[in-house]
Amino acid sequence: MLRLPAYVQLEITDACNLRCKHCYHFNTDEMPRSQNLSDEQTILLVEKLIESQVYSLTITGGEPLTRFVLTGQAVEMAKKAGLFVSINSNLLLLTDEMLAHLSTNGLDSFLVSCPASDPEVFRQITRCGDYRRFRAKLLLLLESGISCLVNMVATQSNLHLVRSTALDLAKLGVERFAVTPASLNVGHPDFGGLLTASQTLALLEDLRWCVEELGLRVDMLEPLPKCFLPPWCWGEDYAFTRRACQAGRMSASISNTGDVRPCSHNPIVYGNLLTESLETIWGKMSIYRAGKDGVVPIICQYCPALTACNGACRTNALAVTGRLDQPERLTVGHITWPQRQPSEIAISDDFVVGFVGRVRWRKETAGNYSVTSRSNHTNLLVVNEELFNFICWLEKSLPLTVRELKGYCSDGSDREVLPTILRSLIKKDFIRVLSF
């Protein structure tokens, strides 16, 4: 159980240069006057996140480039503290100077919004955006070498353009492409723009086409119910099949006024980081981590896919039903899902194993630690003190042969269990077989 979130989104501003119809956070027909905190207050939020030892920070908005000096400061502070840092942006305000500053300070990635590569549809959806300008800014980003993922929010207006947009972006040099069905804005739900179940299935076929025909690495940034996914999804290792709702479980979102919510889509506020500690506020979100006694729908509670799904998006359920513990609208029900059988990892005494990455860790509750060796924390484990100490020792001591590792074991029982532990760490990419 995590004492604090591993991943936080910070909405550094509510100002945006576009008025996208599908915006899940604002009523873009009547955008309110900005309520941004001062630069000093926002920097205080970043300092509190660093003190809380979160692993990953995404700076979002609104459009964070509307407050670039502040965004640049936040990136610099978070990177110096060792966090993985990304920015969500529509890119239209991006300049060479901004890119140089972000690159110098080690920004890890951009999540880029692109509703279509058709200029007219791009303008209609954003209501004031210019695709040609976007294309020029995207080329700047690609040339900078900073990693990026381009995300297309799919609605009734642009679903027919998924493949052509993917093709156009691939020609520019984009390698990672996500298409995410539009989520509901809880306060101003637009049911007319949502994809139907059959359209969502067609979208999954589009993503498969993007892989097979264009060689793109594809994703979908909101989790679909595992019971909804067609069987072919499980034949390959698609990133979207691994997505589960992590709001209030692994992640939290902080608004431009300091309010803390489980995710950027969820309007329920559990406290304000200017007046309370993140640990205290996270404790108030325990219902999201309570399993069957929390926000998991009854229909999902005994599904074998539960731990990999968590009932899918709880905020979409809230928007449709008014309750967090109701099924998502695409939920089919209990399934026997087709899990791929993991291949057995052979461990021989002569194998040489090396450590992958760099250990980052945080003490959690009851003698447990969260630990990761990836900059983006995607192999995060929660382990007891003994295994935590062993992982830290491995980082300092590898490379070694398995026989040499067994020589360090204190007794026979430790030597017997060592191959099992090594297999688990190989699967989570903490260690790797270098030679055999």
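Residues numbered from 1 in each chain as written. Predicted model: local features only at pLDDT ≥ 70, side-chain atom pairs only at ≥ 80, totals over all residues. Heavy atoms only, no water.

A. Main features of the overall build of the protein. On a plain count of helices and strands, the protein comes out with 13 helices and 16 strands. Principal axes of the C-alpha set define a box for the protein whose edges measure 70 × 50 × 45 Å. Looking at the protein as a whole, 51% of its 436 residues are labelled buried. Here the contacts in the protein between residues at least 6 apart in sequence split such that 70% fall between residues at least 24 apart. Here the protein has roughly 19,400 Å² of accessible surface; of this, 50% comes from carbon and sulfur atoms. On the protein, the mean spot of the 44 positive side-chain charges and the mean spot of the 46 negative ones are 1 Å from each other. (Helix = DSSP H or I, 4+ residues; strand = E, 2+ residues; numbered from the N terminus. Buried < 20%, exposed > 50% of the residue type's maximum accessible area, 1.4 Å probe, protein only. Contact = heavy atoms within 4.5 Å. Areas by Shrake-Rupley, 256 points an atom, 1.4 Å probe, with all protein chains shown as cover. Lys, Arg positive; Asp, Glu negative; His and termini not counted. Charge placed at Lys NZ, Arg CZ, Asp CG, Glu CD.)

B. Focus on the packing of aromatic side chains. The full count for this structure, using the stated rule, is 12 aromatic pairs. Aromatic pair Trp 232 and Tyr 238: ring centres 5.8 Å apart, planes at 90°, arrangement edge-to-face. This pair shows no difference in class: Trp 232 is buried, exactly as Tyr 238 is. Three or more aromatic residues joined by ring pairs make a cluster, and in this case those are Phe 122, Tyr 131 and Phe 134. Against the face of Trp 232 rests Arg 208, its NZ or CZ located 4.0 Å from the ring centre. (Phe/Tyr/Trp six-rings, centres within 6.5 Å; stacked < 30°, edge-to-face > 60°. Lys NZ or Arg CZ within 6 Å of the ring centre and 35° of its normal.)

C. Local environment of the nonpolar core. Core analysis: the biggest nonpolar cluster contains 85 residues, and Phe 110, Phe 134, Leu 141 and Phe 177 have the highest contact counts within it. The element contributing the most residues to this core is helix 2 (residues 68–80), with five residues. Setting aside residues no more than four positions away along its own chain, Phe 177 makes contact with Leu 149, Val 150, Met 152, Val 162, Thr 165, Ala 166, Leu 169, Cys 210, Leu 216, Arg 217, Val 218 and Asp 219. Counting 23 residues, the second largest nonpolar core, distinct from the first, contains Ile 345, Val 383, Leu 394 and Leu 400. (Core = buried A, V, L, I, M, F, W, Y, C linked by side-chain atoms within 4.5 Å.)

D. Quick peek at the pattern of salt bridges. All told, the structure shown has 17 salt bridges when counted by the stated rule. With its nearest N and O atoms 2.7 Å apart, the salt bridge here joins Asp 39 to Arg 67. Pair noted here: Asp 39 is in helix 1 (residues 39–51) and Arg 67 is in the loop between strand 2 (56–60) and helix 2, with a separation of 28 residues, a long-range link. Taking relative accessible area as the criterion, Asp 39 reaches 33% and is therefore assigned partly exposed. For Arg 67, a relative accessible area of 14% gives the class buried. (Salt bridge = Lys/Arg side-chain N within 4 Å of Asp/Glu carboxyl O.)

E. A look at the sheet that holds strand 8 (residues 251–254). Pairing is mixed across the open sheet formed by 10 strands, whose spatial order is 7-6-5-4-3-2-1-8-9-10. Both outer strands of the open sheet, strand 7 (217–219) and strand 10 (271–272), are each paired with one neighbouring strand and no more. (Pairing = 2+ DSSP bridges.)

F. Looking closely at the pairing of strand 4 (residues 109–113). As paired elements, strand 3 (residues 84–89) and strand 4 share four bridges and run parallel to each other. Following the sheet pairing, Ile 87 is matched in strand 4 by Phe 110. Note on the crossover from strand 3 through helix 3 (residues 96–104) to strand 4: the handedness is right-handed. When strand 4 meets strand 5 (residues 147–154), the two strands line up parallel, connected through five bridges. Across the sheet, residue Leu 111 finds its bridge partner in strand 5, namely Leu 149. (Right-handed = clockwise from strand over helix to strand, strands pointing away.)

G. Examining unusual backbone geometry more closely. Cis geometry is adopted by the peptide bond preceding Gly 62, which originates at Gly 61 and carries an omega value of 20°. Looking at where Gly 62 falls in the secondary structure, it is placed in the loop between strand 2 and helix 2. If you check the backbone angles, Asn 310 has positive phi at about 60° while not being a glycine. By relative accessible area, which is 11% here, Asn 310 ends up buried.

H. Spatial organisation of the packing of helix 5 (residues 131–144) against helix 6 (residues 162–172). Two elements in contact, helix 5 and helix 6, have axes whose closest approach is 10 Å; the angle formed by their N-to-C orientations is 45°. Put simply, helix 5 runs oblique to helix 6. In the crossing of helix 5 with helix 6, the sense of the turn from one axis to the other is right-handed. Contacts from Tyr 131, Arg 135, Leu 138, Leu 139 and Leu 142 of helix 5 reach helix 6 at Asp 168, Leu 169 and Leu 172. (Axes fitted to C-alpha atoms, helices over the stretch in contact; angles between N-to-C directions. Parallel < 35°, antiparallel > 145°, perpendicular 65-115°, else oblique. Left-handed = near helix turned anticlockwise from the far one by under 90°.)

I. Structural view of the sheet that holds strand 16 (residues 431–435). An order of 15-11-16 is seen for the three strands of this open sheet, with the pairing classed as antiparallel. Since the sheet does not close on itself, it has two edges, and those belong to strand 15 (400–401) and strand 16, each with one partner. In this structure, strand 11 (residues 352–355) lies alongside strand 15, joined through two bridges in antiparallel fashion. Across the sheet, residue Val 353 finds its bridge partner in strand 15, namely Leu 400.

J. Focus on helix 11 (residues 385–397). With 13 residues, helix 11 extends 18 Å between its outermost C-alpha atoms, agreeing within 8% with the 18 Å of an ideal straight helix rising 1.5 Å per residue. At the N-terminal boundary of helix 11, the capping side chain belongs to Asn 384, with an oxygen 3.3 Å from the backbone nitrogen of Glu 386. (Expected span 1.5 Å × (residues − 1). Polar contact = N/O pair within 3.5 Å; in protein donor to acceptor, adjacent residues only side chain to side chain.)

K. Region of interest: the environment of Thr 321. The topology assignment puts Thr 321 in helix 10 (residues 314–321). Here the side chain of Thr 321 touches Arg 323 through a polar contact of 3.1 Å, landing on its backbone nitrogen.

L. Structural view of the packing of helix 6 against helix 7 (residues 197–214). Axis separation between helix 6 and helix 7 bottoms out at 10 Å; the angle between their running directions is 30°. The angle between the axes of helix 6 and helix 7 places the two elements in the roughly parallel class. The interaxial crossing formed by helix 6 with helix 7 has right-handed handedness. Residue-level contacts link Val 162, Arg 163, Ala 166, Leu 167 and Ala 170 of helix 6 to Leu 203, Glu 205, Asp 206, Trp 209, Cys 210 and Leu 214 of helix 7. Of the residues contributing to the contact of helix 6 with helix 7, the split by class is eight nonpolar, no polar and three charged. (Nonpolar A, V, L, I, M, F, W, Y, C, P; charged D, E, K, R; others polar.)

Remember, this is a structural readout, not a statement about activity or role.
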